[in-house]
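Below, each chain spelled out in residue letters.
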Amino acid sequence: MTVSLDFARHGDKRNSDFFETYLTRLLEERDRVGLTDMIHEIDAMMITVEPGHSIAYIAELALMTPYHYLVTLESEQHLTHILRIDLDSPDLLIREVKDAGTRGIFRSLNEVYPVGAHKPYSRYIGEIIRVSNLHEVVSLQREREFRFFGADDVRKLEFPGNLAVSKPSPYTHNIVAYLEREPNDPRVYALGVSRIDSRAQEAYEAAKELQYKLGVHTLLLPIDHLATRVYSQNREVAILEYLSSSSYYYWGSYDIKDQNSSTNVTKSVHHSSEFRSPAKVFTANNTPYFVNHLEKLPSPTETFVRNYGPRLHHIAVAVRDGETDGLENIEYVVRSIAEQGKDFLLDVIGSKEEGLKQIFSSASEHSSLIVEYVQRFGDFDGFFAKHNVAELTRAAGVDESLKELEATARS
């Protein structure tokens, strides 16, 4: 039996007694009832984009990441494009509604927030996690009071019919879906008619040709982590909820005092490499927005959540360690992609001495998601550097402040 509490703890963030008590109780119970050993790696991530934007987003991802266009699944109301690196890394499912008038629960999660409402379809939906016994996992999770969409709802939402899909989290607004699959079986998503979309294929091939021409195709590695932003009061419960629905463990939390926030990391108990199952990071303000006028503290994370709602903020792509043309690989990748017109929110930060370098791109106009690049050097065994996180948070906060002003001006 896997013991989820055996992993080393990191960080300097002080958690509440509530968190520490229920972290132990929940993970011990998860191990005891067998959920930890039945729930495995992240098989896929689902993203929705604005109508008419999926082809451009496929091209963007094909240039900026190691993903390849595989196939399109067409259902009555959606096009779902499958992007894949290989079967040792998660897929991306890029979903687009055919009719801009289509309404649903995920659009409604955007529409109540001032910036999110301007792109009502652009959001990360959540993860598909591989399980070895779907019926038993769902039965146990229902006993723990997790709620799932019924079969009719899954059909109406046009999710793959072989998934068990949770209701959106009240803390992150993301879903968790379970897919029963043996490790060596192919990934199959039971949805619609499978075909090669000629426009997607053409856009993908042009982007990959450019990626190869730039020489960055060998430097980009699979996804390192997924970072979700939540309200300050939901930090601990969002972490505990995700640990309860997955087989992840609590790696630790760091207090980023410069930006009045904390960064909290969870990782897979089954895979030491994030490439197989990306780390899940949760970022939250240390104080709620309504005390900022008293404390005069920065509030980039809470500002993002108030503008967009709790949601995924960025997807981090690893960059191979080493140098190309006299530049560290991350510097070479960023320079090459910036020359193609992609903006970045700051210069590459960090150093070889600190163990890693990182940078944020600007948010995608298609999905509202940021791509982070991270290069770790040599035998660096940490996950990030506090100084880097503070600078990234600050830069993203400036970007969100500008978007808030633009949204206010339009309203």
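Here the structure is shown first, and the text comes after it.
In this text, all values refer to a predicted model and were calculated from it rather than measured experimentally.

Q: Lay out the overall build of the protein chain with the relevant residues and their values.
A: In terms of helices and strands, the protein chain carries 12 helices and 19 strands. Computed over the C-alpha atoms, the radius of gyration of the protein chain is 20 Å, within 12% of the 22 Å expected from 2.2 N^0.38 for a compact globule of 411 residues. In terms of its C-alpha atoms, the protein chain occupies a principal-axis envelope of roughly 55 × 55 × 50 Å. The proportion of buried residues among the 411 residues of the protein chain is 60%. Taking the intrachain contacts of the protein chain between residues at least 6 apart in sequence as the baseline, contacts between residues at least 24 apart amount to 71%. In the structure as shown, the protein chain presents an accessible area of about 16900 Å², 49% of it carried by carbon and sulfur atoms. When the 45 positive and 61 negative side-chain charges of the protein chain are each reduced to one mean point, those points stand 4 Å apart.

Q: Can you break down the pattern of salt bridges residue by residue, with the values?
A: Applying the stated rule across the entire model yields 22 salt bridges. Measuring nitrogen to oxygen at the nearest pair gives 2.9 Å for the salt bridge that ties Asp 43 to Arg 181. Of the two residues, Asp 43 is situated in strand E2 (residues 39-49) and Arg 181 in the loop between strand E8 (175-180) and strand E9 (193-195); the sequence distance between them amounts to 138 residues. Here the two residues Asp 43 and Arg 181 agree in accessibility, since each one is buried.

Q: Could you give an account of the side chain of Glu 274, naming the residues involved and the relevant values?
A: One can find Glu 274 in the loop between strand E12 (261-268) and strand E13 (279-285). Leave out the neighbours within four places in its chain, and Glu 274 touches Ile 223, Asp 224, Lys 267, Ala 279 and Phe 383.

Q: Explain the pairing of strand E19 (residues 370-376) residue by residue, including any values.
A: The buried fraction of E19 is high, at 6 of 7 residues. Relative to E19, strand E14 (residues 311-319) is paired through 5 bridges, and the arrangement is parallel. For Ala 316, the partnering residue across the bridge sits in E19 and is Glu 372. Across 5 bridges, strand E18 (residues 356-360) lies against E19 in antiparallel orientation. Pairing of Ile 359 across the sheet is with Tyr 373, part of E19.

Q: Pulling in residues and values, what's your account of the packing of helix H3 (residues 54-64) against helix H7 (residues 198-214)?
A: Contact geometry of H3 with H7 gives a least axis separation of 8 Å together with a crossing angle of 25 degrees. Between H3 and H7, the crossing angle belongs to the class labelled roughly parallel. The crossing of H3 and H7 is right-handed. Contacts between H3 and H7 pair Ile 55, Ile 58, Ala 59, Ala 62, Leu 63 and Met 64 from the former with Arg 199, Ala 200, Ala 203, Tyr 204, Ala 207, Lys 208, Leu 210, Gln 211 and Leu 214 from the latter. Along the lines of polarity and charge, the residues of the contact of H3 with H7 split into 12 nonpolar, 1 polar and 2 charged.

Q: A description of a nonpolar patch on the surface should follow, citing residues and the corresponding values.
A: The grouping of Met 1, Val 3 and Leu 5 at the surface amounts to a nonpolar patch, some 290 Å² of accessible area in total. Within the element layout of this structure, Met 1 appears in the segment before strand E1 (10-11). The class of Met 1 is exposed, set by a relative accessible area of 69%.

Q: Describe the environment of Phe 383, and please don't skip the residues or the numbers.
A: With respect to the helices and strands, the residue Phe 383 is situated in the loop between E19 and helix H12 (386-410). Considered as a pair, Phe 383 and Ser 253 are 130 residues apart in the sequence and their alpha carbons are 11 Å apart. Each residue touching Phe 383, except ones within four places of it in the same chain, is listed here: Asp 224, His 225, Trp 251, Val 265, Lys 267, Glu 274, Ala 279, Val 281, Leu 356 and Arg 376.

Cut-offs and rules
Here the residue index of a chain counts from 1 through its sequence in written order. In view of the model being predicted, local features appear only for residues whose pLDDT reaches at least 70, and side-chain atom pairs are presented and counted only at 80 or more, with totals across whole chains, interfaces and linings using the full set of residues. Here the side-chain values reflect all heavy atoms present in the structure, with hydrogen atoms and water set aside. Secondary structure elements follow DSSP: runs of H or I of four or more residues count as helices, runs of E of two or more count as strands, with numbering from the N terminus. Atoms considered for the radius of gyration are the C-alpha atoms alone. The globule rule reads 2.2 Å times the number of residues to the power 0.38. Residue burial is assigned from relative accessible area. The probe radius is 1.4 Å, only protein chains are included, and a residue is buried under 20% of its type maximum, exposed over 50%, and partly exposed in between. Whether two residues touch is decided by their heavy atoms; if any such pair falls within 4.5 Å, the residues are in contact. Note on areas: these come from Shrake-Rupley sampling with a 1.4 Å probe, and a residue is covered only by the protein chains present in the view. We score Asp and Glu as negative and Lys and Arg as positive, and we do not count His or the chain ends. For the purpose of locating charges, the reference atoms are NZ of Lys, CZ of Arg, CG of Asp and CD of Glu. By salt bridge we mean one thing: a side-chain nitrogen of Lys or Arg within 4 Å of a carboxyl oxygen of Asp or Glu. Being paired, for any two strands, means DSSP has found at least two bridges between them. To get an axis, fit a line to the C-alpha atoms, keeping to the stretch in contact for a helix; angles then go from 0 to 180 degrees between the N-to-C directions. Oblique is the label for any angle not covered by the other classes, which are roughly parallel (under 35 degrees), roughly antiparallel (over 145) and roughly perpendicular (65 to 115). A crossing counts as left-handed when the near helix is turned anticlockwise from the far one by less than a right angle, and as right-handed when that turn is clockwise. Under the scheme applied here, ten amino acids are nonpolar (Ala, Val, Leu, Ile, Met, Phe, Trp, Tyr, Cys and Pro), four are charged (Asp, Glu, Lys and Arg), and all others, including Gly, are polar. Any residue with relative accessible area above 30% and no salt bridge may belong to a patch, with like charges joined within 9 Å and the nonpolar Val, Leu, Ile, Met, Phe, Trp and Tyr side chains within 5 Å.

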